[in-house]
Amino acid sequence: AAVVALVDTAGRQVASGNLDRAAATLERAVRIEPGNAGLWHDLGKVTFGQGQYRESESLALRSNALAADDRRLQVANWRLIEQARQAYGDAGGASEAADRARAAEQSP
């Protein structure tokens, strides 16, 4: 219940443009549920919005490590990794992430 409330709060903070507070809120949620892959992804999206592209990539990779068989989340993570790599100038890495996203989309 606490994590759901924190995620809701972070969503409102993002909607109002307060990414720093949203990141802090999601970091609290991650401390409560460190095995929750969705939280790591949400935090990765917020850090991307803050311009912290390498951190965003790292958080999405962490999310993927926890995502098990959640193909939808894995695809979202690979898309975020692709965007992050493009943002910091790694075109080859971005292309690789796009390929991984497509592969995850096509998995049964």
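Quick caveat, the model's predicted, so the values are computed rather than measured.

Draft legend 1. Geometry of helix H5 (residues 71–87). Taking 1.5 Å per residue, 17 residues should reach 24 Å; H5 reaches 24 Å between its end C-alpha atoms and fits that length. For H5, every residue scored as buried is listed here: Leu73, Gln74, Val75, Asn77, Trp78, Leu80, Ile81, Glu82, Ala84 and Arg85. Summarising the contacts, the buried residues of H5 are in contact with helix H3 (37–49), helix H4 (53–66) and helix H6 (91–106). Positive phi shows up at glycine 89, right after H5, with a value of about 90°.

Draft legend 2. Representation of the side chain of glutamate 82 within the structure. Summarising the element assignment, glutamate 82 is placed in helix H5. Excluding its chain neighbours within four sequence positions, the residues that come into contact with glutamate 82 are Ala94, Ala97 and Ala98.

Draft legend 3. Seen up close, the nonpolar core. Leu26, Ala29, Val30, Leu39, Leu43 and Val46 are the most contacted members of the largest nonpolar core, which has 13 residues in total. The set of elements that each furnish at least two residues to this core consists of helix H1 (2–15), helix H2 (19–32) and H3. Of the residues forming this core, the biggest block, five residues, is contributed by H2. When neighbours within four sequence positions are excluded, leucine 39 is seen to be in contact with Val3, Val7, Ala29, Val30 and Glu33. Ala60, Leu80, Ile81 and Ala97 belong to the second largest nonpolar core, which has six residues in total.

Draft legend 4. Representation of the side chain of threonine 25 in the model. Among the structural elements, threonine 25 can be located in helix H2. Residue contacts for threonine 25: discarding those within four places in its chain leaves Leu6, Thr9, Ala10 and Gln13.

What counts and how
- Residues numbered from 1 in each chain as written.
- Predicted model: local features only at pLDDT ≥ 70, side-chain atom pairs only at ≥ 80, totals over all residues.
- Heavy atoms only, no water.
- Helix = DSSP H or I, 4+ residues; strand = E, 2+ residues; numbered from the N terminus.
- Expected span 1.5 Å × (residues − 1).
- Buried < 20%, exposed > 50% of the residue type's maximum accessible area, 1.4 Å probe, protein only.
- Contact = heavy atoms within 4.5 Å.
- Core = buried A, V, L, I, M, F, W, Y, C linked by side-chain atoms within 4.5 Å.

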